[in-house]
Amino acid sequence: MNKKAFYVFLSICLFILLTMLITACQDEVLEIEESNTYVWQKYMNEEEYEKVKEGMSYLEVVRISGGAGQQIDNDTYEWNDEILLTKGYRLKFEDDVLVKKEVVERKGNSKR
């Protein structure tokens, strides 16, 4: 095998490896959500919110909450509260690292 063929073979192998790694990360989020017994478990609750600390990666937060957050902005995700419909948990990431977290109060549509 000549050098050119070797480099082509090596490039193809690296491309396949990178594709598999990217796919594995995406599948892990889906796998986490599907492991929940109930649909609402993919949301976050107050106890899980307290476990989330600045410096964690998005995937670490997904593991704690049991599901992916809804993307609000480029690096901002929001999880609905599992129990209360009047609040959510908004987390901001920079370079896949949590830099800010906040509780978002929501107003309901009730006319009572």
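Since the structure is predicted, the reported quantities are computational estimates derived from the model, not experimental observations. (Residues numbered from 1 in each chain as written. Predicted model: local features only at pLDDT ≥ 70, side-chain atom pairs only at ≥ 80, totals over all residues. Heavy atoms only, no water.)

Student: Looking at this structure, how should I read the side chain of Lys87?
Tutor: With respect to the secondary-structure elements, Lys87 resides in strand S3 (residues 87-94). Residue Lys87 is classed as buried on the basis of its relative accessible area, which comes to 11%. A distance of 2.9 Å separates polar atoms of two side chains, one belonging to Lys87 and the other to Glu46. Residues within four places of Lys87 in sequence aside, it is in contact with Glu46, Asn80, Asp81, Val103, Val104, Glu105 and Arg106. (Helix = DSSP H or I, 4+ residues; strand = E, 2+ residues; numbered from the N terminus. Buried < 20%, exposed > 50% of the residue type's maximum accessible area, 1.4 Å probe, protein only. Polar contact = N/O pair within 3.5 Å; in protein donor to acceptor, adjacent residues only side chain to side chain. Contact = heavy atoms within 4.5 Å.)

Student: What am I meant to see in unusual backbone geometry here?
Tutor: Trans peptide bonds make up most of the peptide bonds, and negative phi angles are found at most residues other than glycine. With a phi angle near 55°, Asp95 is a residue other than glycine that sits in the positive phi range. Following the sequence through the fold, Asp95 ends up in the loop between S3 and strand S4 (97-105). A positive phi is found at Asp96, a non-glycine position, where the angle reads about 65°. Tracing the sequence through the fold places Asp96 in the loop between S3 and S4. Taking relative accessible area as the criterion, Asp96 reaches 45% and is therefore assigned partly exposed.

Student: Would you explain the environment of Glu102 in this entry?
Tutor: Along the chain, Glu102 turns up in strand S4. Exposure remark for Glu102: the relative accessible area of 33% places this residue in the partly exposed category. Each C-alpha atom, one on Glu102 and one on Glu78, is 9.5 Å from the other, the two residues being 24 residues apart in sequence. Glu102 has contacts with Tyr49, Gly88, Tyr89 and Arg90, leaving out every residue within four places of it along the chain.

Student: For this particular structure, what's the right way to read the nonpolar core?
Tutor: Nonpolar side chains tend to gather and get buried jointly when the protein is soluble and globular. Ranked by size, the top nonpolar core spans 16 residues in total, and within it Met44, Val52, Val61, Trp79, Leu91 and Phe93 carry the most contacts. Ranked by the residues each element gives to this core, the list is headed by helix H3 (residues 58-65), at four residues. (Core = buried A, V, L, I, M, F, W, Y, C linked by side-chain atoms within 4.5 Å.)

Student: How should the pairing of S4 be read in this particular structure?
Tutor: Every regular strand shows the same layout, with side chains that alternate between the two sheet faces. As defined by bridge partners, S3 adjoins S4 across eight bridges and the pair is classed as antiparallel. Among the inter-strand pairings, Lys92 is bridged to a residue of S4, identified as Lys100. (Pairing = 2+ DSSP bridges.)

Student: Help me out: how do you make sense of the pairing of strand S2 (residues 76-80) in this one?
Tutor: In terms of burial, S2 is largely enclosed, as four of its five residues are buried. Sheet topology places strand S1 (residues 70-71) next to S2; two bridges connect them, and they run antiparallel. Looking at S2, one finds that Gln70 is bridged to Glu78. What sits between S1 and S2 in their antiparallel hairpin is a turn of four residues.

Just distances and angles here, no functional claims.
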